[in-house]
Amino acid sequence: MATKRSKRAQSPKTAEIVRLVEALTTGIASHDGVVLGRGIAGLLRDAYRERRRSVPRWVQELIAYYSRAR
């Protein structure tokens, strides 16, 4: 079941991660899904930074997506 938020995810990678987080958190509080999504996005950002690589657009989209999620 797609939510309005998942329809806003732009890149295929971003959309797939959002769908995965939604599937993993089905049946629990929506805030827990947001916390999980933010955690994944933060880990991805940190991994790219640790390797001194630029953060890809799809990771930036994921961070933005979960930043606006309430």
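The model shown is predicted, which means the values in this text are computed figures rather than measured ones.

J.: Kindly report on the overall build of the protein, identifying the contributing residues and their values.
T.: For the protein, the helix and strand inventory stands at four helices and zero strands. Beginning at the N terminus, the succession of helices and strands in the protein can be written as α-α-α-α. For the protein, the proportion of its 70 residues judged to be buried stands at 36%. Residue pairs at least 24 apart in sequence account for 49% of intrachain contacts in the protein once pairs closer than 6 positions are excluded. Carbon and sulfur atoms make up 55% of the accessible area of the protein, which totals about 5,000 Å².

J.: Describe in detail the packing of aromatic side chains, supporting the description with residues and values.
T.: Here the structure, examined in full by the defined rule, presents one aromatic pair. With a centroid separation of 4.8 Å and 85° between ring planes, the pair formed by Y65 and Y66 is classed as edge-to-face. The exposure class of Y65 is buried, given its relative accessible area of 1%. The class for Y66 is buried, based on a relative accessible area of 2%.

J.: Report on a nonpolar patch on the surface, specifying residues and quantitative values.
T.: Judged by side-chain polarity, L20, L24 and L36 come together as a nonpolar surface patch covering roughly 270 Å² of accessible area. With respect to the helices, strands and loops of the structure, L36 is situated in helix α3 (residues 30-50). On the basis of relative accessible area, L36 is assigned to the partly exposed category, the value being 33%.

J.: Give a description of the environment of P12 that names residues and reports values.
T.: For P12, the location among the structural elements is in helix α2 (residues 12-24). For the pair P12 and W58, spaced 46 residues apart in sequence, the C-alpha separation works out to 8.3 Å.

J.: An account of α2 is requested, with residue identities and associated values reported.
T.: The end-to-end C-alpha distance of α2 is 18 Å, a good match for the 18 Å that 13 residues give at a rise of 1.5 Å each. Restricting attention to buried positions, one finds in α2 the residues T14, A15, I17, V18, V21 and E22. Looking down the long axis of α2, one finds its buried residues gathered within 165° of arc, a one-sided arrangement. Of the exposed residues in α2, the ones pointing more than 90 degrees away from its buried face are P12, K13, A23 and L24.

How each quantity is defined
Residues numbered from 1 in each chain as written. Predicted model: local features only at pLDDT ≥ 70, side-chain atom pairs only at ≥ 80, totals over all residues. Heavy atoms only, no water. Helix = DSSP H or I, 4+ residues; strand = E, 2+ residues; numbered from the N terminus. Buried < 20%, exposed > 50% of the residue type's maximum accessible area, 1.4 Å probe, protein only. Contact = heavy atoms within 4.5 Å. Areas by Shrake-Rupley, 256 points an atom, 1.4 Å probe, with all protein chains shown as cover. Phe/Tyr/Trp six-rings, centres within 6.5 Å; stacked < 30°, edge-to-face > 60°. Patch = residues over 30% accessible without salt bridge, like charges linked within 9 Å, V, L, I, M, F, W, Y side chains within 5 Å. Salt bridge = Lys/Arg side-chain N within 4 Å of Asp/Glu carboxyl O. Expected span 1.5 Å × (residues − 1). Arc of directions from axis to C-beta.

Limitation: the analysis is restricted to geometry and does not speak to function.
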